[in-house]
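Here is how the chains run, residue by residue.
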There are 2 protein chains.
Amino acid sequence: MQQYLPYLRQSLLFERIDDEGLVKTLNCLNAQIIACEKGKVILHQGDEPRHFGVVLCGSVNVVASDSYGNHSVMWSITQGDLFGETYVSAGVDSFPASFVAAQDSMVLILEYARVITGCRNNGCLAHSYLVTNLIRSIGKKNLTLTQKLEFVTQRTTRDKLMAYLRAQQKQAKSHRFVIPYDRQTLADYLGVERSAMSAELSRMKRDGLIHYRKNEFEILLP
Amino acid sequence: MQQYLPYLRQSLLFERIDDEGLVKTLNCLNAQIIACEKGKVILHQGDEPRHFGVVLCGSVNVVASDSYGNHSVMWSITQGDLFGETYVSAGVDSFPASFVAAQDSMVLILEYARVITGCRNNGCLAHSYLVTNLIRSIGKKNLTLTQKLEFVTQRTTRDKLMAYLRAQQKQAKSHRFVIPYDRQTLADYLGVERSAMSAELSRMKRDGLIHYRKNEFEILLP
DNA sequence: CCTCCCATGTTGGAAATACAACATCTTTAT
DNA sequence: ATAAAGATGTTGTATTTCCAACATGGGAGG
């Protein structure tokens, strides 16, 4: 387990836990580290959710298959992020999607019940941090989803963009800020068409609402 | 505390906890029950999130105020549901909105840190159920948000409606099913205009996709 | 320097949606 | 039963978005 520490440190799940405590706790929980080739199914659609995972390196796709056998990638999980934790924590009957390695990857698999039950040792600080961190991850995902919903439920493309840009500006705490998405990704995120979005950005610049150059933006009107 | 048991039972947060254990745990946690008049601010925007609440009866609005003093109701929390738990669990600096009684209501206020830390008594089963239930509530909200996002990111109104109706049908496990929203609420939920949605529903019926009568729906084509 | 490639921007016509105004149907109260 | 109020459905028009096709522009590599 020791050798994986640099990877484990990528995740918020292990914040505030020292190396020694982390190794001890992961052993105590019988955590499994799995190296998987691209395409390997890590957690299976239909199975009862008992485990969740952490992407140590590489990435994992969430893939839903319908009854006709059509597969579709719903979203993608990157280094440091959790997967499956929503379904185990919510106590659903079965995974509504599979988790599939999108490239050669390394993941950590944890048994949910053992994580949240905690150990019998009162002094196990590492374990209680782990529980707190897990809850915080789930709570943060919640905030992320809520925020995205605020953007995509805006009626017009212009409103969606302004809502998104304002949130970015607020986060950057600066007048100027750089957005982390290219145009195509941003369009997907906001649920609009790329070229139409580009056109709208141009009009917003023309109308003196915003200024931008590549991914550096500035909001001119408050 | 005893006298509030029927109200407390409204919430999933106390599932699987017997009356005796619940009363004992709530006392142990120094839980506060507050009867509040309509308009009373229960948790304040800007404050550091330390507590979260459960609506025992009545309802609570989430109200955001901008720097100009404009207020807007972002959403509403009804009997049995939690509020503020997302922000405490995610560990944000300050509440981005206030929680205001929408009518004369009764709420239970819990201190987050004490809830998740657990007691020192190993045998306190009630408390560990409470933690599990809290996480499950947060996880379930996560699922709800994800699902809504799947609906509203569909391109056309027809696609949004079909996605929503299919999900309802799946949940009802029956060919026929009743939706819990009136047209205006459904339109708001899906982020479209009411009359345009009504019109689209009519066209979908005309095209033989669905059949409906008031709130009772049926999907004709799979 | 040049070419190729990919991200971004632009444009015009087709399609979908919002909006307003009104019609019809339900429910509630008197 | 009737009136009044509220929810739902319908229609026509003005906007907005989508879509496809093409223009531009800025690296990366030869």
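Along each chain, residues carry numbers from 1 onward, in the same order as the chain's sequence is written. Lettering for chains starts from A, numbering for ligands starts from 1, and both go in the order in which the items are written. Confidence filtering applies because this is a predicted model: local features only for residues at pLDDT of at least 70, side-chain atom pairs given and counted only at 80 or more, and all residues used for totals across whole chains, interfaces and linings. Heavy atoms throughout the structure, all of them, feed into the side-chain values; hydrogens and water do not.

A. Representation of the packing of aromatic side chains within the structure. Planes of paired rings set the category: under 30 degrees apart is stacked, over 60 is edge-to-face and the rest tilted, where pairs are Phe, Tyr or Trp rings (Trp by its six-membered ring) whose centres lie within 6.5 Å. Summed over all chains, the structure comprises 24 aromatic pairs over all chains. Stacked on the ring of Tyr212(A), the Lys or Arg Lys205(A) has its end atom at 4.0 Å from the ring centre. Consider the ring centre and the ring normal. A charge sits over the ring if Lys NZ or Arg CZ is within 6 Å of that centre and within 35 degrees of that normal.

B. Spatial organisation of the protein's contact with DNA strand D. Nearness here has a simple test: a residue counts as near a molecule or strand if at least one of its heavy atoms is within 4 Å of that partner. Around DNA strand D, 17 residues are found, and the nearest of them are Thr156(A), Thr157(A), Arg183(B), Ser195(B) and Ser202(B). Put simply, 64% of the atoms of DNA strand D that lie within 4 Å of the protein are in sugar or phosphate. In the analysis that follows, any N or O atom pair within 3.5 Å is treated as a polar contact, provided that within protein one partner can donate a hydrogen and the other can accept it, and provided that, for residues neighboring in sequence, both atoms belong to side chains. The separation between a phosphate oxygen of DNA strand D and a polar main-chain atom of Glu193(A) is 3.4 Å. At 3.0 Å from a phosphate oxygen of DNA strand D is found a side-chain nitrogen or oxygen belonging to Ser198(B). Segments assigned H or I by DSSP are reported as helices when at least four residues long, segments assigned E as strands when at least two residues long, and all are numbered from the N terminus. Elements with a contribution of two residues or more to the surface near DNA strand D: α8 (194–206) of chain A together with α7 (183–190) and α8 (194–206) of chain B. Looking at the surface near DNA strand D element by element, the count peaks at 5 residues for α8(B). Under the grouping applied here, Gly and all other residues not named as nonpolar or charged are polar, the nonpolar ones being Ala, Val, Leu, Ile, Met, Phe, Trp, Tyr, Cys and Pro and the charged ones Asp, Glu, Lys and Arg. Its residues assigned to classes, the surface near DNA strand D comprises 4 nonpolar, 7 polar and 6 charged.

C. Spotlight on the relation of the copies chain A and chain B. Superposition of the copies used a least-squares fit over C-alpha atoms from residues whose pLDDT is at least 70 in both. Once chain A has been moved 0.0 Å along the axis and rotated by 180 degrees, it coincides with chain B to within an RMSD of 0.1 Å. On this basis, the relationship between the two copies can be described by a two-fold rotation axis. Taking C-alpha positions as reference, the residue of chain A nearest the rotation axis is Asn142(A), located at 2.7 Å. Here a residue-residue contact requires only that any non-hydrogen atoms of the pair lie within 4.5 Å. Mapped onto chain B, 100% of the interface residues of chain A again fall at the interface, so both copies present the same surface.

D. Seen up close, the environment of Val55(B). All names here are of chain B. Assignment of secondary structure puts Val55 in strand β3 (residues 51–57). When the C-alpha atoms of Val55 and Ile33 are compared, they prove to be 10.0 Å apart, with 22 residues separating the residues in sequence. Excluding its chain neighbours within four sequence positions, the residues that come into contact with Val55 are Val60, Ile77, Thr78, Gln79, Gly80, Asp81, Phe83, Met106 and Val107.

E. Representation of the packing of helix α6 (residues 157–172) of chain A against helix α7 (residues 183–190) of chain A. Residues and elements named next belong to chain A. Here the axes come from fitting lines to C-alpha atoms, over the contacting stretch only for helices, and the angles between their N-to-C directions go from 0 to 180 degrees. Viewed as axis vectors pointing N to C, α6 and α7 meet at an angle of 105 degrees, and their least axial separation amounts to 11 Å. One way to sum up the angle between α6 and α7 is to call them roughly perpendicular. Seen from α6, the contacting residues are Lys160, Leu161 and Tyr164; seen from α7, they are Leu186, Tyr189 and Leu190. Residue composition of the contact of α6 with α7, grouped by class: 5 nonpolar, no polar and 1 charged. Oblique is the label for any angle not covered by the other classes, which are roughly parallel (under 35 degrees), roughly antiparallel (over 145) and roughly perpendicular (65 to 115).

F. Examining the interface of chain A and chain B more closely. Across the boundary between the two partners, chain A contributes 33 residues, which contact 34 residues of chain B. Summed over both partners, buried area is the accessible surface (1.4 Å probe) that two parts give up on being assembled. Here chain A packs against chain B, burying approximately 2,900 Å² in sum over the two surfaces, 68% of which is carbon and sulfur. Put simply, a salt bridge is a Lys or Arg side-chain nitrogen that is within 4 Å of an Asp or Glu carboxyl oxygen. The interface formed by chain A and chain B contains 0 salt bridges. Counting the contacts that link chain A with chain B gives 3 residue pairs in polar contact (both at pLDDT 80 or more). Contributions of two or more residues to the side of chain A that touches chain B are made by β5 (71–78), α3 (85–90), α4 (112–117) and α5 (125–152) of chain A. Broken down by element, the residue count for the side of chain A that touches chain B peaks at 15 residues, all from α5(A). Residues belonging to the side of chain A that touches chain B are distributed by class as follows: 16 nonpolar, 10 polar and 7 charged.

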